[in-house]
Amino acid sequence: MSWGTELWDQYDNLAIHTNKGIEFLDKYANFIRDRLAIETEYASKLRRLVKNYQPKKKEEEDNEFTSCQAFRKVLNEISDLAGQREVVAESLQLQIIQGISLLSKTLRDERKKCLSNGTYLHQNLTTQLAALDRAKRNYEKAYRDSEKAVDNYKKADMDLNLSRAEVERYKNIMTAKIQQSDDAKNEYANQLQKSNNLQQQHYHELLPEVFNRLQELDEKRTRGIREFIIGAADVESSVAPIIARCLEGMVKAGESINEKEDSYKVIERYQSGFTPPSDIPFEDLSKLDTLDSSQESHFNHVQSSHLTVKGTISANKIKKRVGIFNIFGGNKNSLTADGQKEDFSDLPPNQRRKKLQAKIGELQQKIQQETAARDGLMKMKVVYEANSSLGNPMTVEGQLNESEHKLEKLKMDLKKYQGYLEKANQIPMANNSPQANRTSSMNNGHRSSRHSNGSTEDNNYDGDFQPDDAGSLSRSDSEDNVAQIQNGHNNNNNGSSASPESGLGTSHTSLPGSGHGSAHENAMGEDAYYETEMEPLQPLGTCRALYPFEATSEGSIPMNEGEELQVIEIDQGDGWTRVRRMNNSNGWDEGFVPTSYIECTLYA
């Protein structure tokens, strides 16, 4: 079916129809724009919602609960969901809106050209028909004039009163009129033939070509709308798998909530460590000699009960009152930023132990970082001394001294807080405390020292117990070697400069007096650092050995190619990573391996 043959006389209607079709295409483009705006606004509001409900810094302590962690994962998934809505909006803009705009412009231009051509053809046909009509009217007039001239000539020829000259004049007039009539007749015939030819060409060739072109444009518009609708659906379908994964992540986050674990964490957080008050004894007033002791016992029990209830209900909310009355206080213990005492003695026993352990862990991490920074400065100084063209060794002298002062202060703070923890551990803990089992061995008068091979060793405990600064196994921080390197020489011959126990200090895994310690440590004698029992470090990820490694120096452990290990400390910039493996004989093996020998996969 063709518009040129079926709709040959519907020029005006086809012009109106094609214009409405392009307007409908523009209407669909406006619909996509409005939807794009909604998608963009929806994504923006989702991101604002996630931002408004992100955990505040003051709520960090609540993030340990599985419900809070699950909610945080849900917020992350919603943020990803907002990102997918932004992808949908961007794809609609690039693929649909721009495509419709280009198609609409093309259709308008082509339609305008086709209509202009059709108008020109109609004007030509109208002009030819007008010329035909004029030729016909001229022919009719000339024919009537010729007939009248013939009648006049016949009358003159029959009239005997007229002279031959007059008759001859009428005859000439008749001949002229007949000739004019014949000429008008021929002109009319020519115009008629020309009009018929033009009309035949107009309605069978020229105008159908214009109409068929309009039909192609309209079909192109219709086909374009179909492709745009399918394309918009494809844009939505392309992000559907990611949105489905986001929803699966939300479901997994909900399934990860463990009410029992949260209940245990509530116990861990708020357990005071006080024991419940014992039974109040019966006061027998008849025994006057025991009256005073009974009253004192009753008073002590009431006071103990009051402390227990207060410590249990507001374990984390007991603050030291500060203000004008503190001027007259006799306690000179400094306060922390949140108004608590430096040794956290204003907290219940259990909470005090947790705060002290967290503070010690923070200081140990700072010591490790500062040690790594100091070791890097010392290496730089050694390199500068070996090759003066690289730099002046004295440029790092000030930074090295400052690092030493920071490290010394951190070690002093660590010893101070470890002393606080020792005193706190001497306080009896409730039998039902979640930490009672973990610290029971510390209250029995001795400590268990964990070495790098996982074995334990009992050391007698006295009042001057000083745990090792960096825990069970840490990178070297010998003060004696610092002094030696500052003087431009190094007396340690163990291994290469990149190993954990190379010329930057001795390993903390060596025991005092074993021959591997520094001169400063040997001079300390009985006051040397001992290792304290600590909770094992949580693994940061896993690693796989790419090559076999033979441990040739203290502090490192061997590994076989393809062996799976746990990463408990990442590379601090010296080329070594601390790992752990299960040992069937004595528990765990910990030590350092070259970072370039392993492939690490850290937990998210």
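Per an unreviewed UniProt entry, the chain is named Formin-binding protein 1-like, and its organism is Stomoxys calcitrans. According to the UniProt record, the Sequence similarities (unreviewed entry) comment for the chain reads "Belongs to the FNBP1 family."

### Let's talk about the overall build of the chain
In terms of helices and strands, the chain carries eleven helices and seven strands. Residues classed as buried in the chain amount to 37% of the 604 residues present. Residue pairs at least 24 apart in sequence account for 70% of intrachain contacts in the chain once pairs closer than 6 positions are excluded. For the chain, the computed accessible surface area is about 36000 Å², with 52% contributed by carbon and sulfur atoms.

### What to know about the pattern of salt bridges
Counting across every chain of the model gives 25 salt bridges. For arginine 108, the salt bridge identified is with aspartate 26, shortest N-O distance 2.5 Å. Here arginine 108 is found in helix H3 (residues 66–158), whereas its partner aspartate 26 is found in helix H2 (residues 11–52), with 82 residues between them in sequence. According to the relative accessible area criterion, arginine 108 is partly exposed, its value standing at 36%. For arginine 580, the salt bridge identified is with glutamate 590, shortest N-O distance 3.2 Å. With arginine 580 in strand E5 (residues 576–583) and glutamate 590 in strand E6 (residues 587–594), the pair connects residues that are ten residues apart, well separated along the chain. For the pair shown, arginine 580 and glutamate 590 are each scored as buried. Each member of the salt-bridge network shares a partner with another, and the members are Arg35, Glu39, Arg85 and Glu236.

### With respect to the side chain of arginine 578
Here arginine 578 is to be found in strand E5. A distance of 3.2 Å separates a polar atom in the side chain of arginine 578 from a polar atom in the side chain of glutamate 590.

### Re the nonpolar core
Grouped together as the largest cluster of nonpolar side chains are 33 residues, with contacts concentrated most on Leu92, Ile100 and Phe211. Counting residues per element, the ones that place at least two in this core are H2, H3 and helix H4 (164–255). Take this core: its biggest share by element is twelve residues, from H3. Those residues within four positions of leucine 92 in sequence are excluded, and the remaining contacts are Ile32, Arg35, Leu36, Ile97 and Ala232.

### Side note on the environment of lysine 56
Take lysine 56: it is sitting in the loop between H2 and H3. Here lysine 56 falls in the partly exposed class, since its relative accessible area comes to 40%. A polar atom in the side chain of lysine 56 sits 3.3 Å from the backbone oxygen of asparagine 52.

### Quick look at the packing of H2 against H4
At a minimum axis separation of 11 Å, H2 and H4 run at an interaxial angle of 15 degrees. Judged by the inter-axis angle, H2 sits roughly parallel to H4. The two elements H2 and H4 meet at a crossing, and its hand is left-handed. Contacts from Tyr11, Leu14, His17, Thr18, Gly21, Ile22, Phe24, Leu25, Tyr28, Arg35 and Glu39 in H2 reach Leu207, Phe211, Leu214, Asp218, Arg221, Ile225, Phe228, Ile229, Ala232 and Glu236 in H4.

### Comments concerning the UniProt feature "coiled-coil region" (unreviewed entry) in the chain
Here the UniProt feature "coiled-coil region" (unreviewed entry) sits at residues 122–156. Note that residues 122–156 is 100% helix and 0% strand, and that its end C-alpha atoms are spaced 51 Å apart.

### Some details on the packing of helix H5 (residues 259–270) against helix H7 (residues 349–386)
Orientation of H5 relative to H7, taken along the N-to-C sense of each, is 95 degrees, at an axis distance of 7 Å. Our classification of the angle between H5 and H7 gives roughly perpendicular. Of the residues in H7, those touching H5 at Glu268, Arg269 and Tyr270 are Asn350, Gln351 and Lys354. Along the lines of polarity and charge, the residues of the contact of H5 with H7 split into one nonpolar, two polar and three charged.

### Digging into the pairing of strand E3 (residues 541–545)
Residues Gly541, Cys543 and Ala545 line the buried face of E3, whereas the alternating positions Thr542 and Arg544 sit on a face that is not buried. Pairing between E3 and strand E4 (residues 564–569): four bridges, direction antiparallel. For threonine 542, the partnering residue across the bridge sits in E4 and is glutamine 566. The pairing of E3 with strand E7 (residues 598–602) spans five bridges and is antiparallel. Counted as the bridge partner of arginine 544 is glutamate 599 from E7.

### A few points about the packing of aromatic side chains
Scanning the entire structure with this criterion turns up nine aromatic pairs. Note on phenylalanine 549 and tyrosine 597: the rings are 5.8 Å apart at their centroids and 80 degrees apart in plane angle, and the pair reads as edge-to-face. With a gap of 48 residues between them, phenylalanine 549 in the loop between E3 and E4 and tyrosine 597 in the loop between E6 and E7 connect regions that are remote in the sequence. The exposure class of tyrosine 597 is partly exposed, given its relative accessible area of 30%. Three or more aromatic residues joined by ring pairs form one cluster here, namely Tyr547, Phe549, Trp576 and Tyr597.

Cut-offs and rules
- Residues numbered from 1 in each chain as written.
- Predicted model: local features only at pLDDT ≥ 70, side-chain atom pairs only at ≥ 80, totals over all residues.
- Heavy atoms only, no water.
- UniProt positions renumbered as here; feature names shortened; annotations may be inferred.
- Helix = DSSP H or I, 4+ residues; strand = E, 2+ residues; numbered from the N terminus.
- Buried < 20%, exposed > 50% of the residue type's maximum accessible area, 1.4 Å probe, protein only.
- Contact = heavy atoms within 4.5 Å.
- Areas by Shrake-Rupley, 256 points an atom, 1.4 Å probe, with all protein chains shown as cover.
- Salt bridge = Lys/Arg side-chain N within 4 Å of Asp/Glu carboxyl O.
- Polar contact = N/O pair within 3.5 Å; in protein donor to acceptor, adjacent residues only side chain to side chain.
- Core = buried A, V, L, I, M, F, W, Y, C linked by side-chain atoms within 4.5 Å.
- Axes fitted to C-alpha atoms, helices over the stretch in contact; angles between N-to-C directions.
- Parallel < 35°, antiparallel > 145°, perpendicular 65-115°, else oblique.
- Left-handed = near helix turned anticlockwise from the far one by under 90°.
- Nonpolar A, V, L, I, M, F, W, Y, C, P; charged D, E, K, R; others polar.
- Pairing = 2+ DSSP bridges.
- Phe/Tyr/Trp six-rings, centres within 6.5 Å; stacked < 30°, edge-to-face > 60°.

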